[in-house]
Amino acid sequence: MSQAALAGDPFSEAPAVPREKLEEIFDDIKGHILYDHELHGCLNCGICTATCPSAHYYDYSPREIVQLLWTENLEGIHDAMQEKIWACAQCYTCAARCPFENSPGGLVMIMREVAIKHEMESAKQVLRPFSRVLLKVISTGNQLAPNMITREAFPDWGPNVSKVDAPLNILRKAIPVPTLHTIDTAWVVNLKTSVELYTIWEATGVLDQLESVDENLFDVVTDVMDEKREEYQDWLDDQDEDDDA
Ligand code: SF4
Ligand code: SF4
């Protein structure tokens, strides 16, 4: 049974989400540093939903999300965090159109952060299929590498999937930009950059968030980065020795 049912379903046998928990979640959303920047009021005009690509394909409406927040509908907010907020494509068309200069996409991003903070099952489920991409982003700053594009990984490409059989190794070497002469990453990322990126993920709390939604992936990332840090330190030591010589 989804957690959505727990919030306000009178027929559910599971206990409803306690009021204190709903308030705690809303306080975290409202207390986010960007909240007042993203929400100024709402006419309920629906312009955001009319221009939202995700609203065309999913049971999702940015107008509904903004109304839930504006009217402080705590159960509705909790309900939306179980599934709907994960449908937003973060394109920010809504923000460009809203007459109140709201950013429904920005509000959704805040709600996602809070869903992760509260270790909601929806956040874990949404991120699970992307663990390989997450590992790539966190360890190299690249999202997708050419060698990750396989028939098995992209069955939804239909007939276009045949294009992935191209000899990418050779084709990439033909690109007149040396950092693109690889298929292991989208572009070559040097060791120092990887270590710096990792330090940013660490200092900004991204890794803490990762640990709360996917402990296994967190452990893998930590191992990869420990190795990279050691490798980078060895490189620095070698430089010092060369300078002393
Ligand atoms: S968020 Fe803006 S565009 Fe969307 S319904 Fe409210 S006022 Fe209209
Ligand atoms: S940012 Fe999200 S809510 Fe806004 S238009 Fe894009 S998909 Fe829709």
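Residues numbered from 1 in each chain as written. Chains lettered and ligands numbered in written order. Predicted model: local features only at pLDDT ≥ 70, side-chain atom pairs only at ≥ 80, totals over all residues.

### Quick look at the overall build of the chain
Selection criterion: For the purposes of this entry, the term helix denotes a DSSP run of H or I that reaches at least four residues, the term strand denotes a run of E that reaches at least two, and both are numbered from the N terminus. We call a residue exposed when 12 or fewer other C-beta atoms sit within 10 Å of its C-beta, buried when the count reaches 20 or more, and partly exposed for counts in between; the C-beta positions come from the backbone. Each residue gets a C-beta atom placed from its backbone, and two residues are in contact if those atoms lie within 7 Å.
A count of helices and strands for the chain gives 15 helices and zero strands. Each principal axis of the C-alpha distribution contributes one length, and for the chain these read about 70 × 45 × 40 Å. Burial statistics for the chain: of 245 residues in total, 24% are counted as buried. In the chain, the share of contacts with a sequence separation of at least 24, taken over all contacts with a separation of at least 6, comes to 65%.

### Structural notes on the nonpolar core
Selection rule: A set of buried Ala, Val, Leu, Ile, Met, Phe, Trp, Tyr and Cys residues, joined to one another through C-beta atoms within 7 Å, is what we call a nonpolar core. These domain boundaries are the output of an automatic or database domain assignment.
Ile-65, Leu-69, Met-81, Ile-85, Leu-107, Met-111 and Ala-115 are the most contacted members of the largest nonpolar core, which has 29 residues in total. Taken together, the elements giving at least two residues each to this core come down to helix H2 (19–30), helix H6 (62–70), helix H7 (74–80), helix H9 (104–117), helix H14 (206–213) and helix H15 (215–244). With seven residues, H9 is the single largest residue contributor to this core. Residue contributions to this core reach at least three from each of two domains, namely domain 1 (3–118) and domain 2 (127–244). With six residues, the next largest nonpolar core counts Cys-52, Tyr-60, Cys-94 and Cys-98 among its residues.

### Digging into the confidence of the model for the chain
This is how the line gets drawn: By definition, pLDDT measures how confident the predictor is in each residue, and it falls between 0 and 100.
On average, residues of the chain score 89 in pLDDT, and 94% of them are at 70 or above. When the elements of the chain are averaged for pLDDT, helix H1 (residues 3–8) gives the smallest value, 47, and H6 the largest, 98.

### Section: the domain arrangement of the chain
Domain annotation for the chain reports domain 1 (3–118) and domain 2 (127–244). Placing a centre on the C-alpha atoms of domain 1 and another on those of domain 2 gives a separation of 32 Å.

### Regarding the site of ligand 1
The condition that has to hold: To decide nearness, the C-beta atom of each residue is placed from the backbone, and the residue is near a molecule or strand if that atom lies within 6 Å of it. Ten residues, namely Ala, Val, Leu, Ile, Met, Phe, Trp, Tyr, Cys and Pro, are considered nonpolar, four, namely Asp, Glu, Lys and Arg, are considered charged, and the remaining ones, Gly among them, are considered polar.
In the vicinity of ligand 1 there are 14 residues, among which Cys-42, Cys-45, Ile-47, Cys-48 and Cys-98 approach most closely. The set of elements that each furnish at least two residues to the shell around ligand 1 consists of helix H4 (47–51) and H6. Taken together, the residues of the shell around ligand 1 sort by class into ten nonpolar, three polar and one charged.

### Side note on the site of ligand 2
Lining the immediate environment of ligand 2, one finds 14 residues, of which Cys-52, Cys-88, Cys-91, Cys-94 and Gly-105 sit closest. Counting residues per element, the ones that place at least two in the shell around ligand 2 are helix H5 (53–57), helix H8 (93–97) and H9. Per element, the largest residue contribution to the shell around ligand 2 is three residues, and it comes from H9. A breakdown of the residues in the shell around ligand 2 according to their chemical character gives ten nonpolar, four polar and no charged.

### Concerning the packing of helix H11 (residues 131–140) against H15
For clarity, the threshold we go by: Axes, fitted as lines to C-alpha atoms, cover a helix only where it is in contact. Angles between the N-to-C directions of the axes lie from 0 to 180 degrees. Angle categories are assigned with fixed cut-offs, so that under 35 degrees is roughly parallel, over 145 is roughly antiparallel, 65 to 115 is roughly perpendicular, and the rest are oblique. The handedness criterion is simple: a crossing whose near helix is rotated anticlockwise from the far helix by less than a right angle is left-handed, and one whose near helix is rotated clockwise is right-handed.
In contact at an axis separation of 10 Å, H11 and H15 are set at 30 degrees when each is read in the N-to-C sense. As far as their axial angle goes, H15 and H11 are roughly parallel. At the point where H11 passes H15, the crossing takes the right-handed sense. Taking contact as the criterion, the partners of Ser-131, Leu-134, Leu-135, Ile-138 and Ser-139 in H11 are, on H15, Leu-217, Val-220, Val-221, Val-224 and Met-225. Taken together, the residues that form the contact of H11 with H15 break down as eight nonpolar, two polar and no charged.

### Brief notes about the environment of Ser-54
Looking at where Ser-54 falls in the secondary structure, it is placed in helix H5. The exposure class of Ser-54 is buried, given the 22 C-beta atoms found within 10 Å. Not counting residues up to four positions away in its chain, the partners in contact with Ser-54 are Tyr-60, Ala-87, Cys-88 and Ala-89.

### Comments concerning the environment of Leu-135
Position of Leu-135 among the secondary structure elements: in helix H11. Accessibility expressed as a C-beta count within 10 Å gives 16 for Leu-135, which makes it partly exposed. Sequence separation between Leu-135 and Val-224 is 89 residues, and the spatial gap between their C-alpha atoms is 9.3 Å. Apart from residues lying up to four places away in sequence, Leu-135 is in contact with Leu-217, Val-220 and Val-221.

### A word on the packing of H14 against H15
Relative orientation of the contacting elements H14 and H15 amounts to 135 degrees, with a least axis distance of 5 Å. When the interaxial angle is binned, H14 and H15 end up oblique. On the side of H14, the interface is formed by Leu-207, Leu-210 and Glu-211, while H15 contributes Glu-215, Leu-217, Phe-218 and Val-221. Split into classes, the residues belonging to the contact of H14 with H15 amount to five nonpolar, no polar and two charged.

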